[in-house]
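Structural overview
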Amino acid sequence: MNSEERTLLLTGGRVHSPSSPDATAMAVTGDTVVWVGQDGPGRALHPDAEEVALDGAFVAPAFVDAHVHATATGLHLAGLDLSAARSGAELLAAVRSAAKPGEVLLAHGWDSSAWQDTRVPSRAELDEAAGDVPVYLSRVDVHSALVSTAMVELAPAARSAAGWSADGPLTRQAHHLVRAAARAAITPGQRHDAQVAFLRTAAARGIATVHECAGPDISGVDDLTALLDLAKDPDLPAVVGYWGETGAVDLANRLGLPGLAGDLFVDGALGSHTAALCAPYTDQPHTSGARYLDAQAIADHVVGCTEAGLQAGFHVIGDAAVGEVVQGFQLAERAVGSRALAARRHRLEHVEMIDAEQARILASWGVVASVQPLFDAAWGGRSGMYAERLGAERAAGLNPFATLAAQGMPLALGSDAPVTPLNPWASVRAAVHHGTPGAGLSPRAAFTAHTRGGHRAAGVADGITGSLVPGAPAHYTIWKAADLVVAGSDKRVQRWSTDPRSGVPGLPALEPSAQLPRCLRTVRAGRVIYDELAVSGRA
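These remarks concern the structure in this document. Here the structure is a predicted model, which means the values were calculated and not measured.

This next bit is on the overall build of the chain. Summing up its helical and strand segments, the chain has 21 helices and 23 strands in all. Viewed in the frame of its principal axes, the chain has a C-alpha envelope of about 75 × 55 × 50 Å. A burial count over the chain gives 56% of its 539 residues as buried. The contacts in the chain between residues at least 6 apart in sequence include a share of 71% that link residues at least 24 apart. Here the chain has roughly 21,100 Å² of accessible surface; of this, 50% comes from carbon and sulfur atoms.

As structure tokens, then:
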């Protein structure tokens, strides 16, 4: 199927449209939604259209994943997956079976906080399992890694860098150096295959647009350029590219990037004890994490981007890092003014430890919060990794989505894949069913943040992109889904309604026990980029 100027009329479905909450049909001409309503009027208005019978399927705006790492995720999808390891012994056994002489072994996903015996294998044990093979094994948060001696030999400067360990995982700059060496060992063919695997998987999950958060400590210019070139193929999801580096305005302009944002690190991650905290970690009281940028450096970057017409953005997790970012924006406001700041729609990734006043201040400058609800699902709650690192009281305040929304910060949802899976409905559900009561979003707000919110975070502010209304780009997904429901408006009462008279389009049930929708077809700008029937050979 292509997006030539012909009209498709989808009928017999359930169309999620704010302009017609009880719609069963939608017409698409070329790459644009031209009409939404009921079957009968649709056939009368578009008698020459090609009709597609939906058989009760649910049609919704395609998802946007606002934070991904395509190559790393593709390598993870196609290679050794360490997320299933439940002990150091299992990790070593997996390495032993996967290591091949003459090839570098890159794998991802181990999480010792989920192991019964949390002891991490030593470098000597890893060397015994891998032999002479260079091995790089990133922790689930990608802010530390186990590496073999042969891998260290590819980045010998790591031995004198901050975060070096002679026996355990590498963090901070030592990790960045070894990760760069591991990245350099990937062949162009491996990279291409990994990126294609990632994009096709995203399409199969109902995602039509992703935000690639690249940077010198994450991937590389060649990696980002290759991905942007791939995404020119209209049969793959669109890619919005960000580059996390200060002083790189010329590079952003040359590559046509919307901003120098994404993973420009103010701090690290909680799992690796590198998120910058105001008070020490509960389980490692000798450290309060690592801060990589101060308020003046943050301000300089924000001012430079604002004056260049680009989005600025930062990776920020710990409360000390959030405080530094707020101070940086305050300094930037003195230089360029609040109106100029708000016009650029700068963004922050993660913002896990933020209070209401900080959110209010950031919202006054239009700063977008790009957040990952599956973080809370994986590590939240009173007995999760957050509580282990911070204690239950501090952990309960993490990822306060309701507070961010209430204070006016625009939200965009994402996965940070490969940190958490490409599973947008699971992400929406996690945003609703937060581990801390009262911290979650309504289903409608969560769904909007994973569709329209992602487009807005990339600077698309036309008011219609990411929704199914006449005139909107035809980015949509067809789902097999059970009955649709509408959340009750009274926040004191947990109730659901299927009454279409509410005037609010319904969504699939999101209770933890509910079966999530299955993707049948994903469409980008009127063009099918995933089709289950074609994949299964039935069409």
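Here the narrative resumes, following the displayed structure.
Turning to the nonpolar core, a few remarks are in order. Ranked by internal contacts, the top residues of the largest apolar core, which has 87 residues, are F314, F329, L348, L362, L404, M409 and W425. Setting aside anything within four residues of it in sequence, one finds L404 in contact with V351, I354, A359, A369, V371, M409 and L411. Membership of the second largest hydrophobic core comes to 19 residues, among which are L105, L126, V135 and L137.

We now examine the packing of helix α2 (residues 70-78) against helix α7 (residues 188-204). With their axes 7 Å apart at the nearest point, α2 and α7 run at an angle of 90° to one another. When the axis of α2 is compared with that of α7, the two are roughly perpendicular. Contacts between α2 and α7 pair A70, T71, T73, G74, L75 and L77 from the former with R191, A194, Q195, A197, F198 and T201 from the latter. The residue inventory of the contact of α2 with α7, partitioned by class, reads six nonpolar, five polar and one charged.

Now for the sheet that holds strand β8 (residues 105-110). With mixed pairing, three strands are arranged side by side in an open sheet as β8-β9-β10. In the strand order of this sheet, the two ends are held by β8 and β10 (145-147), each with one partner. Neighbour to neighbour, the strand axes of the sheet diverge by 20° on average, direction disregarded. When β8 meets strand β9 (residues 135-139), the two strands line up parallel, connected through five bridges. Bridged to A107 within β9 is L137. Each of β8, β9 and β10 is contacted by helix α6 (residues 172-184), which is oriented at about 125° to β9, the strand it contacts most.

Another point: the packing of α7 against helix α8 (residues 221-230). Packing of α7 against α8 brings their axes to within 10 Å, and their N-to-C directions diverge by 50°. By the angle class used here, α7 and α8 are oblique. Considering the relative orientation of α7 and α8, their crossing is right-handed. Counting all contacts with α7, which are made through R191, H192, Q195, V196 and L199, the residues of α8 involved are D222, D223, A226, L227 and L230. In terms of residue class, the contact of α7 with α8 is made up of five nonpolar, two polar and three charged.

Counting buried residues along strand β22 (residues 518-524), five of its seven residues qualify, which places the element largely inside the surrounding structure. Relative to β22, strand β18 (residues 476-480) runs antiparallel, the two being bridged by five bridges. When the sheet's bridge partners are listed, Y476 is paired in β22 with V523. One ladder, built from four bridges, connects β22 with strand β23 (residues 527-531); its direction is antiparallel. Residue pairing in the sheet places R524 in a bridge with R527 of β23. Here β22 hands over to β23 after two residues, with A525 in that stretch at a positive phi of 50°.

The next subject is α8. If you check which residues of α8 are buried, you get D223, L224, L227, L228 and L230. Down the axis of α8, the smallest arc covering the buried residues is 155°, so these residues share one side. Where α8 is buried, its residues contact α2, α7, β11 (207-214), β12 (238-243) and α9 (249-255).

This part takes up the pairing of strand β4 (residues 32-37). Every other side chain in a regular strand lies on the same face of the sheet, so the side chains alternate between the two faces. In this sheet, β4 lies alongside strand β3 (residues 25-29) in antiparallel orientation, the contact comprising five bridges. What sits directly across from V28, in β4, is V33. Linking two consecutive strands that pair antiparallel, namely β3 and β4, is a turn of two residues; a positive phi of about 60° is found at G30 within it.

This part covers unusual backbone geometry. Of note, the bond from A417 into P418 is cis; its omega dihedral lies within 30 degrees of zero at 15°. Notably, V142 is not glycine yet its phi reads approximately 65°, a positive angle. For V142, the position within the fold is in the loop between β9 and β10. We classify V142 as buried; its relative accessible area is 19%.

Looking now at the side chain of S138. Position of S138 among the secondary structure elements: in strand β9. Polar side-chain contacts of S138 include one of 2.8 Å to the side chain of H108. If near-sequence neighbours (up to four positions away) are discounted, S138 is found in contact with A107, H108, G109, W110, S144 and A145.

Next up on the list: the side chain of E212. Inspection of the secondary structure assignment puts E212 in strand β11. For the buried E212, no salt bridge is present, and the opposite-charge side chain at shortest range is R183, 10 Å distant. Once residues within four sequence positions are removed from consideration, E212 is found in contact with V68, H69, A70, D223, L224, L227, V239, V240, G241 and Y242.

Looking now at the packing of aromatic side chains. Scanning the model with the defined rule gives nine aromatic pairs in all. Note on F63 and F447: the rings are 5.6 Å apart at their centroids and 75° apart in plane angle, and the pair reads as edge-to-face. Taken together, the residues span a long stretch of sequence, with F63 in strand β7 (residues 63-68) and F447 in helix α19 (residues 443-449) at a distance of 384 residues. The two residues F63 and F447 agree in class, both being buried. The interplanar angle of 15° and the centroid separation of 5.5 Å between the aromatic rings of W425 and F447 together place this pair among those described as stacked. One end of the pair, W425, is in helix α18 (residues 424-432); the other, F447, is in helix α19, with 22 residues separating them in the sequence. With a relative accessible area of 2%, W425 lands in the buried category. Using a relative accessible area of 2% as the deciding quantity, one classes F447 as buried. Above the face of the Y242 ring, R347 is positioned so that its terminal group lies 4.5 Å from the ring centre.

About the thresholds
Residues numbered from 1 in each chain as written. Predicted model: local features only at pLDDT ≥ 70, side-chain atom pairs only at ≥ 80, totals over all residues. Heavy atoms only, no water. Helix = DSSP H or I, 4+ residues; strand = E, 2+ residues; numbered from the N terminus. Buried < 20%, exposed > 50% of the residue type's maximum accessible area, 1.4 Å probe, protein only. Contact = heavy atoms within 4.5 Å. Areas by Shrake-Rupley, 256 points an atom, 1.4 Å probe, with all protein chains shown as cover. Core = buried A, V, L, I, M, F, W, Y, C linked by side-chain atoms within 4.5 Å. Axes fitted to C-alpha atoms, helices over the stretch in contact; angles between N-to-C directions. Parallel < 35°, antiparallel > 145°, perpendicular 65-115°, else oblique. Nonpolar A, V, L, I, M, F, W, Y, C, P; charged D, E, K, R; others polar. Pairing = 2+ DSSP bridges. Left-handed = near helix turned anticlockwise from the far one by under 90°. Arc of directions from axis to C-beta. Polar contact = N/O pair within 3.5 Å; in protein donor to acceptor, adjacent residues only side chain to side chain. Lys, Arg positive; Asp, Glu negative; His and termini not counted. Salt bridge = Lys/Arg side-chain N within 4 Å of Asp/Glu carboxyl O. Phe/Tyr/Trp six-rings, centres within 6.5 Å; stacked < 30°, edge-to-face > 60°. Lys NZ or Arg CZ within 6 Å of the ring centre and 35° of its normal.

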